[in-house]
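# Summary of the model geometry
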Amino acid sequence: MTEKVRNNGEKPTVGVVSLGCDKNRVDTENVLASLEAAGYRIVQNAGEADVLMVNTCAFITPAIRESIDTVLELAAEKAGRENVKLMVLGCFTERFAEETASELPEVDAFVGINCYHRIAEITDAVRAGTAERIYIEKTFTPYKRERVLTTPAHYAYLKIADGCDNFCTYCTIPYIRGRYRSYPIEELVAEAVRLKAEGVKELILVAQDTTRYGKDLYGEYALKRLLGELLKIGFWKIRIMYAYPELVDDGLIEMIAREKGIAKYIDIPLQHVSDGVLGRMNRHTDGKEVRALIKRIEASGADIAIRSTFIVGFPGESDEDFSELENFVKEGRINYAGFFAYSRERGTPAYKMTPRVPYKVRKKRENALSRIQCAVVEARHAEYLGKEVEVVYEGIDYVKNKFYGRTERNAPEIDTKVYFTSGLPLDVGEIYKVKITKTGFNLFGETVAEAENG
């Protein structure tokens, strides 16, 4: 057995950089917990680490570049110190390890996503100099769903499934992560109970497609069933991300509207509204169905915030297609949105599609939609002037000289914020009532009182 101590008797240290999405973050947290259980000590400073790791993203070309740049930065850190090891985990390994291993001699081991159950064993081998260079397995093996949280203590992500069966023509995820696989309800509930005991107040459900949850395990879509069990635990809010439009049914909308413990918010990646573009993307809705879905959400009467993402410049996107999307965004029915210029990825059906939209046109369209959406956000925020809202306090902006937080209609890191002043002593993660005194792209106000459920 490999020694689990340094020569001076201290535990060996590991420093991990996590890139990409919140689903990747959960993988990183599982890896950290496995390493801690095996006797490793987690450090924040790369200069203190005996083993450097980067959990990579390789979804699109910009993410691939970021992954490579981070690997090279850590390789430079390793080069200046004796006996330090470097490991590359995750999607980049799955997609590119075989072809890039020889070009990255500084990397001691590449570890694929289906090898996380062996991460401590592999790390031991890397330290001992007995490791293989590449660890990739085709079959997923379940592992203990323990976590070392890397989010602020008051919120956490719960990954309810992995992989994807949608096979959108632009997307690499099914080829990297495999087919959709749900985690059993009892495991997710047990994990959520542990998170609640650790002080988590906001549970954010994530998967490549949360609305497909349970179909592979139970023969039916089971997101609402899962939500029913999670509501019993007593979180301040449960937030639903990555809900695919074709599976957002009236029952889910009604549940979001009715249940106090579910955030009045839903993330629905729509990607486009032009029938032609949606068809080439192999999306399972058309423009008419997208508009009908939004109308059904609006009809709930619960002021449910809708967040979405859109891809512009997809092969074959004409001026007319873009104009239709532009007019849709101008309607202002989407509260928050991200816009992305199409990224051409090898191995996807869209890679060979023509005609291709020039890069400059793609970026011009992306920027145009972003400007329109900023105006939409400001217009929608104007409705909050003079109102009181519940805000989860998250920190201090020393430039603005104000506290900041979010309402239940804002997801962390990707949406807007509420900046406010207060005469109350504040605790991070607690809920406060804030009266909105100024609006814009963000909201501004002052505390009225601590909310009853804070």
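Description of the structure in this document. Computed from a predicted model, the values in this text were never measured in an experiment.

### Focus: the overall build of the chain
Looking only at helices and strands, one finds 13 helices and 19 strands in the chain. Relative to the globule expectation of 22 Å for 454 residues, the C-alpha radius of gyration of the chain, 23 Å, shows essentially globular dimensions. When the backbone C-alpha atoms are referred to their principal axes, the chain occupies close to 65 × 60 × 50 Å. A total of 454 residues make up the chain; the buried ones form 55% of that total. Counting only contacts in the chain whose residues sit at least 6 apart along the sequence, the fraction spanning at least 24 positions is 72%. Averaging the locations of the 64 positively and 69 negatively charged side chains of the chain gives two centres separated by 2 Å.

### Looking at the pairing of strand E15 (residues 388-397)
Across the ten residues of E15, seven count as buried, placing the element largely inside the fold. Examined bridge by bridge, E15 and strand E18 (residues 431-438) share five bridges and lie antiparallel to one another. Its bridge partner being in E18, Val 392 is matched across the sheet by Ile 431. In the sheet, E15 pairs with strand E16 (residues 402-406) via five bridges, with the strands oriented antiparallel. Within the sheet, the bridge partner assigned to Gly 395 lies in E16 and is Tyr 404.

### Comments concerning the environment of Gly 338
Within the secondary structure, Gly 338 sits in strand E14 (residues 336-341). Once the C-alpha coordinates of Gly 338 and Ala 33 are considered, the two residues, 305 residues apart in sequence, prove to be 32 Å apart. Beyond its immediate sequence surroundings of up to four residues, Gly 338 is in contact with Arg 307, Ser 308, Thr 309 and Phe 310.

### Concerning the nonpolar core
In terms of nonpolar packing, the biggest core is built from 55 residues, with Ile 160, Leu 203, Leu 205, Leu 227, Leu 230, Ile 266 and Phe 328 touching the most fellow members. Ranked by residues supplied to this core, first place goes to helix H6 (residues 185-197) with five residues. Residues in contact with Ile 266, not counting those within four places in the same chain, are Ile 240, Ala 243, Val 248, Leu 252, Ile 256, Ile 297, Ile 304, Ala 305, Ile 306 and Arg 307.

### Quick look at the sheet that holds strand E2 (residues 41-42)
On the basis of which strands lie adjacent, the open sheet formed by six strands has the order E2-E1-E3-E4-E5-E6 and parallel pairing. Since the sheet does not close on itself, it has two edges, and those belong to E2 and strand E6 (134-135), each with one partner. Summarising the sheet, strand E3 (residues 51-56) and strand E4 (residues 85-90) pair through six bridges and their orientation is parallel. The residue bridging Thr 56 from the neighbouring strand is Gly 90, located in E4. Against the sheet, helix H3 (residues 91-100) makes contact with E3, E4, strand E5 (109-111) and E6, and its axis sits at roughly 105 degrees relative to E4, the strand it touches most.

### A few points about the pattern of salt bridges
Counted according to the given criterion, the structure contains 38 salt bridges. The shortest N-O distance in the salt bridge between Arg 333 and Glu 298 comes to 3.2 Å. You can see Arg 333 sitting in the loop between helix H12 (319-330) and E14 and its partner Glu 298 sitting in helix H11 (residues 287-298), a full 35 residues away along the chain. The class of Glu 298 is partly exposed, set by a relative accessible area of 41%. A cluster of three or more residues bridged by salt bridges with shared partners is formed by Asp 27, Lys 159, Asp 162, Arg 177 and Arg 181.

### Comments concerning the sheet that holds strand E11 (residues 237-240)
Adjacent strands of a sheet pair through backbone hydrogen bonds, lying either parallel or antiparallel. With parallel pairing, the six strands of this open sheet are ordered in space as E7-E10-E11-E12-E13-E14. Strands with a single pairing partner mark the edges of an open sheet, and in this sheet they are strand E7 (155-159) and E14. Neighbouring strand axes in the sheet, compared pairwise and without regard to direction, differ in orientation by 15 degrees on average. Looking at chain direction, E7 and strand E10 (residues 202-206) are connected through five bridges and run parallel. Along E10, the bridge assignment pairs Lys 159 with Val 206. The strands touched by helix H8 (residues 223-231) within the sheet are E7, E10, E11 and strand E12 (262-267), with E11 carrying the most contacts at an inclination of about 160 degrees.

### Regarding the packing of H6 against H8
One can describe the packing of H6 onto H8 by two numbers: an axis separation of 10 Å at closest approach and a directional angle of 30 degrees. Between H6 and H8, the angle is such that the two are roughly parallel. Pair H6 / H8 crosses with right-handed handedness. Of the residues in H8, those in contact with Ile 185, Leu 188, Val 189 and Ala 192 of H6 are Arg 225, Leu 226, Glu 229 and Leu 230. When the residues that make up the contact of H6 with H8 are grouped by side-chain class, the tally is six nonpolar, no polar and two charged.

### Observations regarding the side chain of Arg 145
Counting through the fold element by element, Arg 145 comes out in the loop between E6 and E7. With relative accessibility at 10%, the residue Arg 145 sits in the buried group. In this structure the side chain of Arg 145 is engaged in a polar contact, spanning 2.8 Å, whose partner is the backbone oxygen of Lys 159. Side chain to side chain, Arg 145 and Glu 191 meet in a polar contact 2.6 Å long. Those residues within four positions of Arg 145 in sequence are excluded, and the remaining contacts are Asn 30, Leu 158, Lys 159, Tyr 183, Glu 187, Leu 188, Glu 191 and Arg 194.

Quick notes on the rules
- Residues numbered from 1 in each chain as written.
- Predicted model: local features only at pLDDT ≥ 70, side-chain atom pairs only at ≥ 80, totals over all residues.
- Heavy atoms only, no water.
- Helix = DSSP H or I, 4+ residues; strand = E, 2+ residues; numbered from the N terminus.
- Rg over C-alpha atoms; globule rule 2.2 N^0.38 Å.
- Buried < 20%, exposed > 50% of the residue type's maximum accessible area, 1.4 Å probe, protein only.
- Contact = heavy atoms within 4.5 Å.
- Lys, Arg positive; Asp, Glu negative; His and termini not counted.
- Charge placed at Lys NZ, Arg CZ, Asp CG, Glu CD.
- Pairing = 2+ DSSP bridges.
- Core = buried A, V, L, I, M, F, W, Y, C linked by side-chain atoms within 4.5 Å.
- Axes fitted to C-alpha atoms, helices over the stretch in contact; angles between N-to-C directions.
- Salt bridge = Lys/Arg side-chain N within 4 Å of Asp/Glu carboxyl O.
- Parallel < 35°, antiparallel > 145°, perpendicular 65-115°, else oblique.
- Left-handed = near helix turned anticlockwise from the far one by under 90°.
- Nonpolar A, V, L, I, M, F, W, Y, C, P; charged D, E, K, R; others polar.
- Polar contact = N/O pair within 3.5 Å; in protein donor to acceptor, adjacent residues only side chain to side chain.

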